[in-house]
Amino acid sequence: MTSSKVSPDATGSGAVAFRLAERQDAALIRQMVADLAVFLGESHKHTARVEDYERHGFGERPRFEAIIAEMDGEPVGMCLFFDSFSTWAGKPGFYVQDLYVSPRARGLKLGRLLLEQVAKLGLERGYSYVRLSVDANNLNAQGFYEACGLEWSSAERLYVAKGEAFRALAERA
């Protein structure tokens, strides 16, 4: 992905530049995810360290990528995603894990622009979809994603094994 610029408003001011995150962005990514956790009222759940983002996002086998949005040279948003694969369709796609827009850039349609950048990158790579999950109680986010063209899949439910349930599952093997 090359850096691209768009103007989110009709006046042409406040042009936003998008770029793929690099190792030196690990602290920025961590902070944006922490800010997102605060915004969602779940800061107690965010325990990741900068080192975790460095190791897992920019090591030998990266587990995620992120697109950073900058306005006037300052980071104002981020979309963190990773590869996914549909066994039924036989095609790869992206799973969006976190989408964050700073308070100063909200209302500029930056969240939509970030999702569009992820979809564009996927299309360039020959991918065929973008997936994500959203909290069942977050009606604002649900409306936002639907307005962006994503559809709720009533045919699927998300199941998770983490913490003690994950360890118990693994230990039974």
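Definitions and limits used
- Residues numbered from 1 in each chain as written.
- Predicted model: local features only at pLDDT ≥ 70, side-chain atom pairs only at ≥ 80, totals over all residues.
- Heavy atoms only, no water.
- pLDDT = per-residue confidence, 0-100.
- Helix = DSSP H or I, 4+ residues; strand = E, 2+ residues; numbered from the N terminus.
- Phe/Tyr/Trp six-rings, centres within 6.5 Å; stacked < 30°, edge-to-face > 60°.
- Buried < 20%, exposed > 50% of the residue type's maximum accessible area, 1.4 Å probe, protein only.
- Axes fitted to C-alpha atoms, helices over the stretch in contact; angles between N-to-C directions.
- Parallel < 35°, antiparallel > 145°, perpendicular 65-115°, else oblique.
- Left-handed = near helix turned anticlockwise from the far one by under 90°.
- Contact = heavy atoms within 4.5 Å.
- Nonpolar A, V, L, I, M, F, W, Y, C, P; charged D, E, K, R; others polar.
- 1 Å grid on protein atoms, 1.4 Å probe; cavity = no way out; pocket = protein on both sides within 12 Å on 5 of 7 lines; lining within 4 Å.
- Points joined across faces, edges and corners; volume = space filled by probe spheres on them.

1. Regarding the confidence of the model for the protein chain
Point 1. When pLDDT is averaged along the protein chain, the result is 92, and 92% of the positions lie at 70 or above.
Point 2. The secondary structure element of the protein chain with the lowest average pLDDT is strand S1 (residues 4–6), at 60, and the one with the highest is strand S4 (residues 74–86), at 98.

2. Quick notes on the packing of aromatic side chains
Aromatic ring pairs are reported here in terms of the distance separating the ring centres and the angle at which the planes meet.
Point 1. In the structure shown here, the tally under the stated rule is six aromatic pairs.
Point 2. Relative to Phe94, the ring of Phe81 lies with its centre 4.6 Å away and its plane at 65 degrees, an arrangement referred to as edge-to-face. On the criterion of sequence distance, the pair formed by Phe81 in strand S4 and Phe94 in strand S5 (residues 91–101) is long-range, its members being 13 residues apart.
Point 3. Relative accessible area serves as the criterion here: at 0%, Phe81 is assigned to the buried category.
Point 4. Exposure remark for Phe94: the relative accessible area of 0% places this residue in the buried category.
Point 5. Between Phe82 and Tyr95, the ring centres sit 5.3 Å apart and the planes meet at 25 degrees, which makes this aromatic pair stacked. One end of the pair, Phe82, is in strand S4; the other, Tyr95, is in strand S5, and 13 residues separate them in sequence.

3. Considering the packing of helix H3 (residues 110–124) against helix H4 (residues 139–147)
Point 1. Their axes nearest at 10 Å, the elements H3 and H4 cross at an angle of 55 degrees. By the angle between their directions, the pair H3 and H4 is classed as oblique. As for how H3 packs across H4, the hand of that crossing is right-handed. Between H3, through Gly111, Arg112 and Leu115, and H4, the contact on the second element is made entirely by Phe144, Tyr145 and Ala147.
Point 2. Along the lines of polarity and charge, the residues of the contact of H3 with H4 split into four nonpolar, one polar and one charged.

4. Comments concerning the layout of surface pockets
Point 1. For the largest pocket, the calculated volume is near 2100 Å³.
Point 2. Surrounding the largest pocket, 47 residues form its lining, Leu36, Leu40, Gln97, Asp98 and Leu99 being those nearest its centre.
Point 3. For the lining of the largest pocket, the element with the highest residue contribution is S5, accounting for seven residues.
Point 4. In the lining of the largest pocket, the residues fall into 28 nonpolar, nine polar and ten charged.
Point 5. A volume near 930 Å³ is recorded for the second largest pocket.
Point 6. The wall of the second largest pocket is formed by 24 residues, among which Arg131, Leu132, Ser133, Ser153 and Glu156 lie closest to the centre.
Point 7. Elements that contribute at least two residues to the lining of the second largest pocket include exactly S4, strand S6 (130–132) and H4.
Point 8. Broken down by class, the residue content of the lining of the second largest pocket amounts to twelve nonpolar, six polar and six charged.

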